[in-house]
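What follows is the residue order along each chain.
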Amino acid sequence: MSLVGSLIAFLVGLLVGGLAIFVAAAVVTGTRDYSHAVFTALVGALVWGLSELFLAWIPIVGDFIPLLAWIWVIKGRYGTSWLHAGIIGFIAWGAAILVLSVLPLVGVTDAVGVPFV
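Before going into details, it helps to say that this report is about the structure given with it. Please read these numbers as outputs of a predicted model, since none were measured by experiment.

### Some details on the packing of helix H3 (residues 61–78) against helix H4 (residues 82–102)
It is the contact of H3 with H4, at a shortest axis distance of 8 Å, that shows an interaxial angle of 110°. The orientation of H3 relative to H4 falls into the category roughly perpendicular. Judged by residue contacts, Leu68, Trp70, Ile71, Trp72, Ile74 and Lys75 of H3 engage Trp82, Ala85, Gly86, Ile88 and Gly89 from H4. Per-class residue counts for the contact of H3 with H4 are eight nonpolar, two polar and one charged.

Take a look at the structure:
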């Protein structure tokens, strides 16, 4: 894939991840700001990736800490409790799965900013 193709795939995946977080945050907190959700997806993806990079070699902790770091980003960006941030994360994951079940028809297979998708 070319550099431009990779950039387009990343941006579309980021928009899908942002959409999933937007839907989840709207359900849990009533927040309706898509750009906030997309930026949260971007920051969450960076924090997840960096923590995964440095901690992946540690058994169990290497898988658990990146997830906590991602939820921490949601908690900080939306000013919610850990429980509500976890619920937002779970709903975002489910929303991303639903969106990505349709998008392979147009070539989108990834959501940036939502883990395990």
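### Notes on the side chain of Thr80
Within the secondary structure, Thr80 is located in the loop between H3 and H4. Overall, the relative accessible area of 13% leaves Thr80 in the buried class. Among the polar contacts made by the side chain of Thr80, one reaches the main-chain amide nitrogen of Ala85 at a distance of 3.5 Å. Once you skip the residues sitting within four places of it in the chain, Thr80 turns out to touch Thr29, Lys75, Ala85 and Ile88.

### Focus on the environment of Gly18
With respect to the helices, strands and loops of the structure, Gly18 is situated in helix H1 (residues 3–28). Separated by 95 residues in the primary sequence, Gly18 and Gly113 place their C-alpha atoms 7.2 Å from one another. Setting aside its immediate chain neighbours within four residues, Gly18 contacts Tyr34, Ala37, Val38 and Ala41.

The rules behind the values
- Residues numbered from 1 in each chain as written.
- Predicted model: local features only at pLDDT ≥ 70, side-chain atom pairs only at ≥ 80, totals over all residues.
- Heavy atoms only, no water.
- Axes fitted to C-alpha atoms, helices over the stretch in contact; angles between N-to-C directions.
- Helix = DSSP H or I, 4+ residues; strand = E, 2+ residues; numbered from the N terminus.
- Parallel < 35°, antiparallel > 145°, perpendicular 65-115°, else oblique.
- Contact = heavy atoms within 4.5 Å.
- Nonpolar A, V, L, I, M, F, W, Y, C, P; charged D, E, K, R; others polar.
- Buried < 20%, exposed > 50% of the residue type's maximum accessible area, 1.4 Å probe, protein only.
- Polar contact = N/O pair within 3.5 Å; in protein donor to acceptor, adjacent residues only side chain to side chain.

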